[in-house]
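Each chain is listed here by its residues.
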Amino acid sequence: MEKIAVIGAGTMGNGIAHVFIQKGFKVNLIDTQAAALEKAISTIEKNMDRQISKGVITNEEKLAALSNLSTYTSIETGVPAADLVIEAATENSTIKESIFTQIDQCAKPTAIIASNTSSISIAQLAAATQRPEKVIGMHFMNPVPVMKLVEIINCNATDPEVTEAIVALTKKINKVPCVVKDFPGFIANRILMPMINEAIIAYSEGVSDVETIDQIMKLGMAHPMGPLQLADYIGLDVCKSILDIMYKGFGNTKYSPCPLLVSMVEEGKLGVKTGAGFYKY
Ligand code: CAA
């Protein structure tokens, strides 16, 4: 696998492109919005400058990595050359299904199609293609250049050789593959989101204030961020949508998003990206 296409130039898409170009892969970054592509390039440059200042890479390595990156505004032009297409578009199943159908029509017959979805069923996305055996989940964590995990999700149709190839590729980019089955929330969010939801419930019950709840989990459990700060960082809308998928998928009220989370999303308090959530930014 030499050439990767990444669909979506947002936070996850630009992070995924960053790690692949740094490891010498040619990446076609695709977004319908030219402005999003420009922003992605400047984000990648900024994050690489941060790595230079920490002595992780040199300026020459940054320039070599950036020369591996090409940008496109359509799937039709950016996908045909790719051996692997990683979809990192907005977390909406209708949009993702339509993107999967388009990718399937434009990609080489041998190409693998992966989704960076945090909770949408891989089987559902595979069903939007004529190659379900070549569809798999590759769930990266934010910030992608820093976090070691890639949660790899097999659906029933995924060919074991495809899983093997993706596991090997994940190791090549210096990340750790963890293979799981296609169940609501997979593993990462099935365990993370109930913790975040419980922190919001405890806060809404007045058990403690935001800072104290976060401090308890940081100091007591050695988490780098407390659950409320992490919720702001992930996006409260994303947290709610993952909980909704698990609530629906398992039919179990323990995954039902806390009323305070629902009302904050309705008010547009989505965390870092809107300037306010549990904290102000
Ligand atoms: N690109 C490159 N490097 C970056 C970076 C980026 N975007 N962001 C941070 N870094 C690097 C820094 O340069 C620094 O490097 P050194 O260790 O070499 O000095 C290191 O990461 C730590 O960064 P900072 O010193 O700036 O800040 P910090 O120590 O507070 O760490 C953090 C920041 C890495 C984000 C840390 O707070 C953390 O790990 N938070 C939890 C993140 C987490 O849980 N992510 C998963 C979210 S869930 C998800 O993504 C999936 C989902 O489906 C919802």
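Residues numbered from 1 in each chain as written. Predicted model: local features only at pLDDT ≥ 70, side-chain atom pairs only at ≥ 80, totals over all residues. Heavy atoms only, no water.

1. Remarks on the sheet that holds strand E8 (residues 176-181)
- Read from one edge of the open sheet, eight strands run E3-E2-E1-E4-E5-E6-E7-E8, paired in mixed fashion. Since the sheet does not close on itself, it has two edges, and those belong to strand E3 (69-72) and E8, each with one partner. Taken pair by pair, the neighbouring strands of this sheet meet at an average axis angle of 25 degrees, ignoring direction.
- Alignment of strand E1 (residues 3-7) against strand E2 (residues 26-30), held across five bridges, turns out to be parallel. Each bridged residue has a counterpart across the sheet, and for Ile-7 the counterpart in E2 is Ile-30. (Pairing = 2+ DSSP bridges. Helix = DSSP H or I, 4+ residues; strand = E, 2+ residues; numbered from the N terminus. Axes fitted to C-alpha atoms, helices over the stretch in contact; angles between N-to-C directions.)

2. Comments concerning the packing of aromatic side chains
- This model, assessed by the stated rule, comprises three aromatic pairs.
- With a centroid separation of 5.4 Å and an interplanar angle of 85 degrees, the aromatic rings of Phe-20 and Phe-25 are classed as edge-to-face. Phe-25 shares its class with Phe-20; the two are buried. (Phe/Tyr/Trp six-rings, centres within 6.5 Å; stacked < 30°, edge-to-face > 60°. Buried < 20%, exposed > 50% of the residue type's maximum accessible area, 1.4 Å probe, protein only.)

3. Topic: the site of the ligand
- Near the ligand there are 18 residues, and of these Arg-50, Lys-54, His-139, Asn-142 and Asn-189 occur at the shortest range.
- Lys-54 is positioned with one of its side-chain polar atoms (N or O) 2.9 Å from an oxygen atom of the ligand.
- In the model, an oxygen atom of the ligand is placed 2.8 Å from a nitrogen or oxygen of the His-139 side chain.
- For the shell around the ligand, the elements supplying multiple residues, two or more each, are helix H2 (34-53), helix H8 (188-204) and helix H10 (227-234).
- The dominant element in the shell around the ligand, judged by the number of residues it contributes, is H10, at three residues.
- Taken together, the residues that form the shell around the ligand break down as eleven nonpolar, five polar and two charged.
- When residues are assigned to domains, the shell around the ligand turns out to be shared by domain 1 (3-181) and domain 2 (189-272), each giving three or more. (Near = heavy atom within 4 Å. Polar contact = N/O pair within 3.5 Å; in protein donor to acceptor, adjacent residues only side chain to side chain. Nonpolar A, V, L, I, M, F, W, Y, C, P; charged D, E, K, R; others polar. Domains from an automatic or database assignment.)

4. What about the pairing of E1?
- With four of its five residues buried, E1 lies for the most part within the structure.
- As paired elements, E1 and strand E4 (residues 84-87) share four bridges and run parallel to each other. In the sheet register, Ile-7 faces E4, and the bridge partner there is Glu-87.

5. Examining the side chain of Thr-129
- Secondary-structure assignment places Thr-129 in the loop between helix H6 (122-126) and strand E6 (135-140).
- Looking at Thr-129, its side chain comes within polar contact range of the main-chain oxygen of Ala-126, at 2.8 Å.
- In terms of polar contacts, Thr-129 uses its side chain to reach the backbone amide nitrogen of Arg-131, at 3.1 Å.
- Leave out the neighbours within four places in its chain, and Thr-129 touches Phe-100, Asp-104, Ile-113 and Val-135. (Contact = heavy atoms within 4.5 Å.)

6. Examining the domain arrangement of the protein
- Each assigned domain of the protein is listed with its residue range as follows: domain 1 (3-181) and domain 2 (189-272).
- Put simply, the middle of domain 1 and the middle of domain 2, counted by C-alpha atoms, are 27 Å apart.
- Each side of the interface is counted separately: domain 1 has six residues, and domain 2 has four residues.
- When domain 1 packs against domain 2, the two sides together hide about 490 Å² of surface, and 49% of this comes from carbon and sulfur.
- For the domain 1 face of the interface with domain 2, the top three residues by lost area are Ser-118, Ser-119 and Asn-142, together amounting to 65%. (Buried area = accessible area lost by both parts, 1.4 Å probe.)

7. Focus on the environment of Tyr-279
- With respect to the secondary-structure elements, Tyr-279 resides in the segment after helix H12 (259-266).
- Considering only alpha carbons, one finds Tyr-279 and Ile-234, 45 residues apart in sequence, at a separation of 13 Å.
- Ignoring anything within four residues of it in the chain, the contact list for Tyr-279 reads Val-210, Glu-211, Asp-214, Leu-228, Gln-229 and Asp-232.
- Of the polar contacts made by the side chain of Tyr-279, one reaches the side chain of Asp-214; its length is 2.5 Å.

8. Digging into a positive patch on the surface
- Together, Lys-39, Lys-46, Arg-50 and Lys-54 line one region of the surface with positive charge.
- Considering the arrangement of structural elements, one finds Arg-50 in helix H2.
- Residue Arg-50 is classed as exposed on the basis of its relative accessible area, which comes to 54%. (Patch = residues over 30% accessible without salt bridge, like charges linked within 9 Å, V, L, I, M, F, W, Y side chains within 5 Å. Areas by Shrake-Rupley, 256 points an atom, 1.4 Å probe, with all protein chains shown as cover. Salt bridge = Lys/Arg side-chain N within 4 Å of Asp/Glu carboxyl O. Lys, Arg positive; Asp, Glu negative; His and termini not counted. Charge placed at Lys NZ, Arg CZ, Asp CG, Glu CD.)

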